[in-house]
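Summary of structural features
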Amino acid sequence: MKKLIIGSAIVAALSMGGCTSNEAMPTSYADYVDGAKAAHAKAVAVNNVWKQKKMKKPYVEDYLAKAEAAKAKGDEAGALKYAKEAYKTANAEVDQMEKWKGLKAGWEK
């Protein structure tokens, strides 16, 4: 009985993991930058931009600027690192926007 339960749990976990990422992940620096800019534009459209008060630029724009500076210096690994960070942050902004779309405050009826 234990083997049946453990086996079915493993099969269920593997089958759920295969369907989680249907969209293609970017592979190059340009793909990451384009994806980050597109996702950040969606977040800007609904005013869901992640930024601290003292920062001059939002996080995504800051990471993209660092990526371009590293690219200009010839540091491909650093440029890709910052481009990936910008991509991750921009997609998190959009994900937050999508999850909070139907929520209302507790005092609203």
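Below is a short write-up of the structure.

So, how was this worked out
- Residues numbered from 1 in each chain as written.
- Predicted model: local features only at pLDDT ≥ 70, side-chain atom pairs only at ≥ 80, totals over all residues.
- Heavy atoms only, no water.
- Core = buried A, V, L, I, M, F, W, Y, C linked by side-chain atoms within 4.5 Å.
- Buried < 20%, exposed > 50% of the residue type's maximum accessible area, 1.4 Å probe, protein only.
- Helix = DSSP H or I, 4+ residues; strand = E, 2+ residues; numbered from the N terminus.
- Contact = heavy atoms within 4.5 Å.
- Phe/Tyr/Trp six-rings, centres within 6.5 Å; stacked < 30°, edge-to-face > 60°.
- Lys NZ or Arg CZ within 6 Å of the ring centre and 35° of its normal.

Side note on the nonpolar core
One finds Tyr29, Ala36, Leu64, Ala83 and Ala86 to be the most contacted residues of the largest nonpolar core, which totals 17 residues. Of all the secondary structure elements, the ones that give two or more residues to this core are helix H2 (29-45), helix H3 (59-73) and helix H4 (76-99). In terms of residue count, the dominant contributor to this core is H4 (seven residues). Among all residues touching Ala86, those that are not within four sequence positions of it are Ala36, Val60, Tyr63 and Leu64.

Some details on the packing of aromatic side chains
In total, this model carries two aromatic pairs according to the counting rule given. Consider the rings of Tyr32 and Tyr87, whose centres lie 5.4 Å apart with planes at 85°: the pair is edge-to-face. Here Tyr32, found in helix H2, pairs with Tyr87, found in helix H4; they are 55 residues apart in sequence, far enough to count as distant. Tyr87 shares its class with Tyr32; the two are buried. When the ring centre of Tyr29 is taken as reference, the NZ or CZ atom of Lys71 above it lies at 4.7 Å. When the ring centre of Tyr82 is taken as reference, the NZ or CZ atom of Lys81 above it lies at 5.0 Å.

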